[in-house]
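Okay, here's what each chain looks like letter by letter:
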Amino acid sequence: QRGGKVQMSRPRNNSEPTIDLELQSSVTTFVIDTGAGSNLISVESYNKMIDKPKLTPTSKRMYGFNSDEQIPILGTFETSITINNITKPTMFYVINNKLSSENLLGIKTLREFKIVEIMNHVATFTHCIKTKFRKLFEDRIGRMLGVKVNIATDPTHRPSKQPHYQVPYHMIPN
């Protein structure tokens with residue numbers, strides 16, 4: 001099976017990032033979709049391929065985002081693609097979806113080929129920021145000497161004070 005080349009392309013409507021992949025000697029545009037679990041290719045794009053791979057039947061069921069309607073899958077094929085100097089065999093599902101003819105590159109492939117990186121660790125990010133801006137995140141309350149602060153208030157409104165509320169008995173510490 002032949003490999004593929006990749007070229008990033010401009011989003012069509014400024015909200016969808018796309019990527020052009022060479023699949024089986026044909027260039028196909030895919031929407032980069034971090035919400036898609038699999039790589040989907042429309043039957044129209046599949047039929048335009050010069051060297052069409054043989055489809056393998058599948059029992060996998062797929063549903064669109066927030067939809068109860070099943071996406072009709074015609075079959076699957078696997079081909080090697082190259083992105084960012086990484087070549088791997090990649091599975092594609094050929095779908096016959098009347099609502100959309102867009103091809104989707106799913107999150108698993110996007111992560112494998114380092115197109116997107118999902119940062120799941122907020123603690124790591126927080127540590128990096130605290131290290132970079134150490135003086136801003138000291139463990140003491142800061143003060144600004146020689147700086148006057150003016151809090152703008154509306155003189156037509158009378159100041160009010162919230163009444164103190166009682167702590168429920170079961171929440172009072174022993």
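Treat the numbers as computed from the prediction; the structure is a model and nothing was measured.

### Some remarks on the environment of T156
Mapped onto the fold, T156 is located in the segment after α3 (122–132). Here D154 takes part through its side chain, which lies 2.8 Å from a polar atom of the side chain of T156. Side chain to side chain, T156 and H157 meet in a polar contact 3.4 Å long.

### So, the pairing of strand β2 (residues 18–23)
When a strand is regular, its side chains alternate between the sheet's two faces. Judged by how many residues are buried, β2 sits mostly within the fold: five of six residues are covered. Counting the residues between successive antiparallel strands, the hairpin from β2 to strand β3 (residues 26–32) contains two residues, one of them, Q24, with a positive phi of roughly 50 degrees.

### Some thoughts on the nonpolar core
Core analysis: the biggest nonpolar cluster contains 18 residues, and L21, L23, F30, I41 and F92 have the highest contact counts within it. Within the residue set of this core, elements represented by two or more residues are β2, β3, α1 (43–48), β5 (73–83) and β6 (86–95). Counting residues in each nonpolar core, the second largest holds nine residues, with A36, M62, I71 and I73 among its members.

### Structural notes on unusual backbone geometry
If you check the backbone angles, N85 has positive phi at about 60 degrees while not being a glycine. Mapped onto the fold, N85 is located in the loop between β5 and β6. The exposed category is assigned to N85, whose relative accessible area is 79%. In this structure, K114 takes a positive phi of about 55 degrees despite not being glycine. Position of K114 among the secondary structure elements: in the loop between α2 (107–112) and α3.

### So, the packing of aromatic side chains
A complete count under the given rule lists three aromatic pairs for this structure. Pairing F30 with F92 gives two aromatic rings, centres 5.6 Å apart and planes at 45 degrees, and the pair type is tilted. Here F92 lies in strand β6 and F30 lies in strand β3, a separation of 62 residues in the sequence. Comparing F30 with F92, the two get one shared label, buried.

### Looking at the pairing of β6
Pairing between strand β4 (residues 40–42) and β6: three bridges, direction parallel. Following the sheet pairing, I41 is matched in β6 by V94. Bridge analysis of β5 against β6 gives ten bridges, and the strand direction is antiparallel. Paired with S80 across the two strands is P89, which belongs to β6. If you look at the hairpin formed by β5 and β6, you'll find two residues sitting between the two strands, and N84 has a positive phi there, around 50 degrees.

Calculation notes
- Residues numbered from 1 in each chain as written.
- Predicted model: local features only at pLDDT ≥ 70, side-chain atom pairs only at ≥ 80, totals over all residues.
- Heavy atoms only, no water.
- Helix = DSSP H or I, 4+ residues; strand = E, 2+ residues; numbered from the N terminus.
- Polar contact = N/O pair within 3.5 Å; in protein donor to acceptor, adjacent residues only side chain to side chain.
- Buried < 20%, exposed > 50% of the residue type's maximum accessible area, 1.4 Å probe, protein only.
- Pairing = 2+ DSSP bridges.
- Core = buried A, V, L, I, M, F, W, Y, C linked by side-chain atoms within 4.5 Å.
- Phe/Tyr/Trp six-rings, centres within 6.5 Å; stacked < 30°, edge-to-face > 60°.

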